[in-house]
Amino acid sequence: MRWEHGRRSDNIEDRRGMRVGKKGLAGGGIGAIVLALVVMYFGGDPSVVLNQAGGLIPVPTEQQASPSSPEEEKLKEFMSVVLADTEDAWGALFKASGHVYSQPHLVLFSGAVQSACGHAEAAMGPFYCPGDQKLYLDMRFFNDLAQRHDAPGDFAQAYVVAHEVGHHVQTLLGISDKVHAARSRAAEAEGNALQVRMELQADCFAGVWAHHANRERQILEPGDTEEALAAAAGVGDDRLQQQARGYVVPESFTHGSSEQRMQWFSRGMQSGDPGQCDTFKAARL
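Residues numbered from 1 in each chain as written. Predicted model: local features only at pLDDT ≥ 70, side-chain atom pairs only at ≥ 80, totals over all residues. Heavy atoms only, no water.

J.: Residues and numbers for the overall build of the chain, please.
T.: When you go through the chain residue by residue, the secondary structure sums to 10 helices and eight strands. A separation threshold of at least 6 residues defines the contact pool for the chain, and within that pool the share at least 24 residues apart is 77%. Total accessible area on the chain is roughly 13,100 Å²; 53% of this is exposed by carbon and sulfur atoms. (Helix = DSSP H or I, 4+ residues; strand = E, 2+ residues; numbered from the N terminus. Contact = heavy atoms within 4.5 Å. Areas by Shrake-Rupley, 256 points an atom, 1.4 Å probe, with all protein chains shown as cover.)

J.: Residues and numbers for the nonpolar core, please.
T.: If you look at the biggest cluster of nonpolar residues, it comprises 56 residues, and the most contacted ones within it are Trp90, Phe155 and Trp209. Those elements giving two or more residues to this core turn out to be helix H3 (70-96), strand E4 (105-108), strand E8 (134-137), helix H4 (141-147), helix H5 (154-172), helix H7 (188-217), helix H8 (224-234) and helix H10 (258-271). Broken down by element, this core gets its largest block of residues, 10 residues, from H3. Once you skip the residues sitting within four places of it in the chain, Trp209 turns out to touch Met1, Val82, Asp85, Thr86, Ala89, Trp90, Phe155, Ala158, Ala162 and Ile219. Formed by nine residues, the second largest nonpolar core is a distinct cluster that contains Val107, Cys117, Ala120 and Met124. (Core = buried A, V, L, I, M, F, W, Y, C linked by side-chain atoms within 4.5 Å. Buried < 20%, exposed > 50% of the residue type's maximum accessible area, 1.4 Å probe, protein only.)

J.: Give a description of the state of the cysteines that names residues and reports values.
T.: Inspection of the entire model under this criterion finds two disulfides. Disulfide pairing places Cys204 opposite Cys277 at an S-S distance of 2.0 Å. Between Cys204 and Cys277 the sulfur-sulfur dihedral comes to about -70°; the bridge is accordingly left-handed. Linking Cys204 in helix H7 with Cys277 in the segment after H10, this pair joins segments that are 73 residues apart in sequence. By relative accessible area, Cys204 is classed as buried at 0%. With cysteine numbering restricted to those in disulfides and following the sequence, the chain has the pairing 1-2, 3-4. (Disulfide = S-S within 2.5 Å.)

J.: Quick rundown of the pairing of E4? Include the residues and the values.
T.: In this structure, strand E1 (residues 12-14) lies alongside E4, joined through three bridges in parallel fashion. Among the inter-strand pairings, Glu13 is bridged to a residue of E4, identified as Val107. Sheet topology note: the E4/E8 ladder contains four bridges and is parallel. Across the sheet, residue Val107 finds its bridge partner in E8, namely Tyr136. (Pairing = 2+ DSSP bridges.)

J.: So what about the side chain of Thr279? Which residues, and what values?
T.: Assignment of secondary structure puts Thr279 in the segment after H10. A residue is classified by how much of its surface remains accessible, and Thr279, at 0% relative accessible area, is buried. Leave out the neighbours within four places in its chain, and Thr279 touches Arg197, Met198, Leu200, Gln201, Trp264 and Leu285.

J.: Can you tell me about the packing of H8 against H10, naming the residues and giving the values?
T.: The geometry of H8 relative to H10 is characterised by a closest axis approach of 8 Å and an angle of 140° between their N-to-C directions. Judged by the angle between their axes, H8 and H10 are oblique. With respect to the hand of their crossing, H8 and H10 are arranged in right-handed fashion. Across the interface between the two elements, Thr225, Ala228, Leu229, Ala232 and Ala233 from H8 touch Ser258, Arg261, Met262, Phe265, Ser266 and Met269 from H10. Considering only residue class, the contact of H8 with H10 consists of seven nonpolar, three polar and one charged. (Axes fitted to C-alpha atoms, helices over the stretch in contact; angles between N-to-C directions. Parallel < 35°, antiparallel > 145°, perpendicular 65-115°, else oblique. Left-handed = near helix turned anticlockwise from the far one by under 90°. Nonpolar A, V, L, I, M, F, W, Y, C, P; charged D, E, K, R; others polar.)

The structure is reproduced here in structure tokens:
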């Protein structure tokens, strides 16, 4: 991916080296369940959240930040460029439709972090918190993405950020609130099906970003599209369940199959049109 000459975003919060105490989740109960749902993306383990529920508000603990390696600093700079690209792409798209795009912040952390959604561990994977409209990412997740999910490469990493930004777009458009309300009234299977459509739409929105970023700055290099598709496939529910259980239960899917995730990312990338990402009206996913 050609990124070195791209604009850098100012919306990066670097909390690496800062730790929070493990005294439970603020609010416990419902708050824990909400965060557990938020962090399930990319195979994150919701039990890490639920096991912490019912305690006190996490208390920050002082810890001296360890020096960052040159590789980590370069990755941080890369994240800043990707975030800036999403800001430019969605800013233009929102303006064209008569709206203003509110830019999210990307919080980089190590080990654990406190968000408006509660206390989160790195083991949960990247997540977006609608409560503070921030993306949370421990960059060491990319090692897991390459090794566990067989998706190495910088464009695979960019896909991760663009997907979480897709959830931010859903929040701004009011989609997230509607889905949350519908899921609160639905049975488990129906609620899971709604969540699948939510995640696949975020994949499609990630593809929309890729389309516009490449049109404006020609960011794509040979193999980049394949890297993003590998990331989408690597975190499909069917693949993750097969790895963890040895069998697949489609009724329990919450993010979509590998094929579906690749399909919707490709749809957004080929069209560049957010209107093509309405998974909620699609007869077939």
